[in-house]
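Examining the three-dimensional arrangement
One letter stands for each residue in the lines below.
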Amino acid sequence: MYPVPITLQSLFVLLAGGILGPRLGSAAIVCWLCLAMIGLPLLADGEGGLKPFLGPTAGYLAAFAPMAWIVGRAMMRGKGNTVAALFTAGVAAHALCLGVGVIWLSRFLPLGEALVQGVYPFIPGALIKSAAAACLLAVLRQYR
């Protein structure tokens with residue numbers, strides 16, 4: 001899809017935060033994005049370099065580290081890290097990503113078109129990825 005591709009990147013961002021915790025998870029995402037920024041082909045469609053960080057998808061990329069932090073915090077909350085709580089954290093993290101992403105995307109497209117191309121198609125996937133991350137993290141939690 002153009003200008004925003006559908007990927008599993010946000011699922012792995014949630015998992016990074018949930019597995020590594022809020023600080024290390026966010027730091028890992030920042031390191032990954034820095035490696036992509038210097039040119040390694042680590043983003044959707046093998047993209048790397050400054051182009052993705054200046055183009056229509058930059059807002060989504062900027063939200064990845066805070067997404068990891070949100071889920072990492074949810075995992076640290078003891079009784080609050082139930083599947084339902086982790087799903088809620090994943091949905092909140094995706095909402096942040098889509099919100100920041102569409103605000104940036106609206107610099108390139110009218111707001112209505114930005115919503116049609118940069119938010120609405122991603123809502124079902126965000127719910128599925130949030131559920132998948134919550135279930136995986138709940139299983140992985142027992143191995144801590």
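The preceding data block contains the structure.
The present account deals with the structure reproduced in this document.

1. Things to note about the side chain of Ser 26
- You can see Ser 26 is positioned in helix 2 (residues 22–37).
- Classification of Ser 26 by relative accessible area gives buried; the value is 13%.
- A polar atom in the side chain of Ser 26 sits 3.0 Å from the backbone oxygen of Ala 65.
- Apart from the residues lying within four places of it in its own chain, the contact partners of Ser 26 are Gly 21, Ala 65, Ala 68 and Trp 69.

2. What about the environment of Leu 111?
- Within the secondary structure layout, Leu 111 lies in helix 6 (residues 111–118).
- Expressed as a C-alpha distance, the spacing of Leu 111 and Thr 88, which sit 23 residues apart in the sequence, is 27 Å.

3. A short note on the environment of Leu 35
- The residue Leu 35 is located in helix 2 in this model.
- Leu 35 gets classed as partly exposed once you look at its relative accessible area, which sits at 38%.
- Put simply, Leu 35 and Cys 97 are 62 residues apart on the chain and 20 Å apart in space, counted from C-alpha to C-alpha.
- If we skip the residues at most four places from it in the chain, Leu 35 touches Leu 40 and Leu 42.

About the cut-offs
- Residues numbered from 1 in each chain as written.
- Predicted model: local features only at pLDDT ≥ 70, side-chain atom pairs only at ≥ 80, totals over all residues.
- Heavy atoms only, no water.
- Helix = DSSP H or I, 4+ residues; strand = E, 2+ residues; numbered from the N terminus.
- Buried < 20%, exposed > 50% of the residue type's maximum accessible area, 1.4 Å probe, protein only.
- Polar contact = N/O pair within 3.5 Å; in protein donor to acceptor, adjacent residues only side chain to side chain.
- Contact = heavy atoms within 4.5 Å.

Everything listed here is a matter of coordinates, which is why it stays silent on function.
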